[in-house]
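Architecture at a glance
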Amino acid sequence: MMMSNSDQVSKQPSNPALERLSIFIGEWNTEITSMSFRPAPSAVAHGHTSFDWLEQGDFLIQHSEVPDTEFPRGIAVIGPDDTAETYCMLYSDSRGVSRIYQMSLSGDVWKIWRDFPGFSQRFNGMFSDDNNVITARWEKSGDGLNWEHDFDLTYTRVS
């Protein structure tokens, strides 16, 4: 049975590991800056991200979109690993890219990482004191040792 967004948001997760992720629930504006892959790294791209409960609160689902052809529409399903006290993020986007990331949320620090030969990635985000802004950056590495900046990302809560 498919739930409406309002039902998903109101449902609280039954798993305590997912309860911590309720900080994400809602709509966010996104701003992408300092893009290493653009000819003009000072350019700014604006988009939208939403987080909702999926399957009556058993998973968190993230939808993201930037109305710019360089940025794919993305979806991620996030679930806990009770033993490791981390999360697994299954990601897919409009380019046909799919990846498995590890994720953690500790205090006001949100981390996502993927260690894969030839192309590793890591994300480090920090929540503001009122939890309405997340300031983050993505980095990438071809060898897992030398990291380079990819882009900065700011999430601002809309609702």
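Going by the structure above, here's the rest.
Residues numbered from 1 in each chain as written. Predicted model: local features only at pLDDT ≥ 70, side-chain atom pairs only at ≥ 80, totals over all residues. Heavy atoms only, no water.

This part covers the overall build of the protein. In terms of helices and strands, the protein carries two helices and 10 strands. Taken from the N to the C terminus, the helices and strands of the protein come in the order α-α-β-β-β-β-β-β-β-β-β-β. Computed over the C-alpha atoms, the radius of gyration of the protein is 16 Å, within 12% of the 15 Å expected from 2.2 N^0.38 for a compact globule of 159 residues. Counting only C-alpha atoms, the protein reaches 45 × 35 × 35 Å along its principal axes. Here the protein holds 159 residues, and 39% of them are scored as buried. In the protein, 37% of the contacts between residues at least 6 apart in sequence involve partners at least 24 apart. (Helix = DSSP H or I, 4+ residues; strand = E, 2+ residues; numbered from the N terminus. Rg over C-alpha atoms; globule rule 2.2 N^0.38 Å. Buried < 20%, exposed > 50% of the residue type's maximum accessible area, 1.4 Å probe, protein only. Contact = heavy atoms within 4.5 Å.)

Below, the discussion takes up the environment of Y155. The residue Y155 is located in strand β10 (residues 148-157) in this model. Since its relative accessible area comes to 5%, Y155 is described here as buried.

A word on the sheet that holds strand β4 (residues 74-81). Strand order in the closed barrel formed by 10 strands is β1-β2-β3-β4-β5-β6-β7-β8-β9-β10, with antiparallel pairing between adjacent strands. Across the sheet, the mean angle from the axis of one strand to that of its neighbour is 25 degrees, orientation sign disregarded. Pairing between β4 and strand β5 (residues 86-93): eight bridges, direction antiparallel. Bridge assignment links I78 to a residue of β5, and that residue is M89. (Pairing = 2+ DSSP bridges. Axes fitted to C-alpha atoms, helices over the stretch in contact; angles between N-to-C directions.)

Glancing now at unusual backbone geometry. We note that S34 has phi near 50 degrees; this positive angle belongs to a residue other than glycine. Tracing the sequence through the fold places S34 in the loop between β1 (26-33) and β2 (45-54). Given the relative accessible area of 32%, S34 is considered partly exposed.

This part is about the layout of surface pockets. Computed from the structure, the largest pocket encloses a volume of approximately 720 Å³. Taken together, 31 residues make up the lining of the largest pocket; nearest its centre are P72, Y91, R95, W138 and F151. Tallied by class, residues from the lining of the largest pocket come to 18 nonpolar, seven polar and six charged. (1 Å grid on protein atoms, 1.4 Å probe; cavity = no way out; pocket = protein on both sides within 12 Å on 5 of 7 lines; lining within 4 Å. Points joined across faces, edges and corners; volume = space filled by probe spheres on them. Nonpolar A, V, L, I, M, F, W, Y, C, P; charged D, E, K, R; others polar.)

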